[in-house]
Amino acid sequence: MGWHAYLNDTLDFPFEASCLTEREESPLKEGETVRVVGMPTTEPTLRQQFVIIEWKNRELGVPLKQLEPVDTSSTTEQAIADWHYWLER
């Protein structure tokens, strides 16, 4: 829950993000840009955090690991970089 609280408190929603890699659990294609609008209410884990995006006239959750911020606040960039670093450890 610590990561979820940190990300929810630190990310400046909404923001634009680009898809880094395609993943089985997500419909996004590499290089696709989306608008991230919030955090879901589902239970997070230490290895998986989801964010809510606007995609094709609806909202859905995708792994934050899949996204890279585009032209957003430094606090949002840092929080996502922190999450990516944690996953790579």
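Residues numbered from 1 in each chain as written. Predicted model: local features only at pLDDT ≥ 70, side-chain atom pairs only at ≥ 80, totals over all residues. Heavy atoms only, no water.

For helix α1 (residues 2-10), every residue scored as buried is listed here: Trp3, His4, Leu7 and Thr10. Angular distribution of buried residues about the axis of α1 spans 150°; they occupy a single face of the element. Relative to its buried face, α1 has exposed residues pointing more than 90 degrees away, namely Gly2 and Asp9. Lining the buried residues of α1 we find α2 (74-88). (Buried < 20%, exposed > 50% of the residue type's maximum accessible area, 1.4 Å probe, protein only. Helix = DSSP H or I, 4+ residues; strand = E, 2+ residues; numbered from the N terminus. Arc of directions from axis to C-beta. Contact = heavy atoms within 4.5 Å.)

On to the environment of Thr75. Inspection of the secondary structure puts Thr75 in helix α2. Note: C-alpha distance between Thr75 and Asn8 (67 residues apart in sequence) is 12 Å. Other than its neighbours up to four places away in sequence, Thr75 contacts Thr10 and Asp12.

Moving on, we come to the environment of Trp86. You can see Trp86 is positioned in helix α2. Residues Trp86 and Leu46, 40 residues apart in the sequence, show an inter-C-alpha distance of 9.1 Å. Ignoring any residue separated from it by four or fewer positions in sequence, one finds Trp86 in contact with Trp3, Leu46 and Arg47.

It is worth spelling out the side chain of Ser26 at this point. Inspection of the secondary structure assignment puts Ser26 in the loop between β1 (15-19) and β2 (33-38). Judged by its relative accessible area of 11%, Ser26 falls in the buried class. Engagement of the side chain of Ser26 in a polar contact is seen with the backbone nitrogen of Leu28, the distance being 3.3 Å. Not counting chain neighbours up to four residues away, the residues in contact with Ser26 comprise Val62, Pro63 and Gln66. (Polar contact = N/O pair within 3.5 Å; in protein donor to acceptor, adjacent residues only side chain to side chain.)

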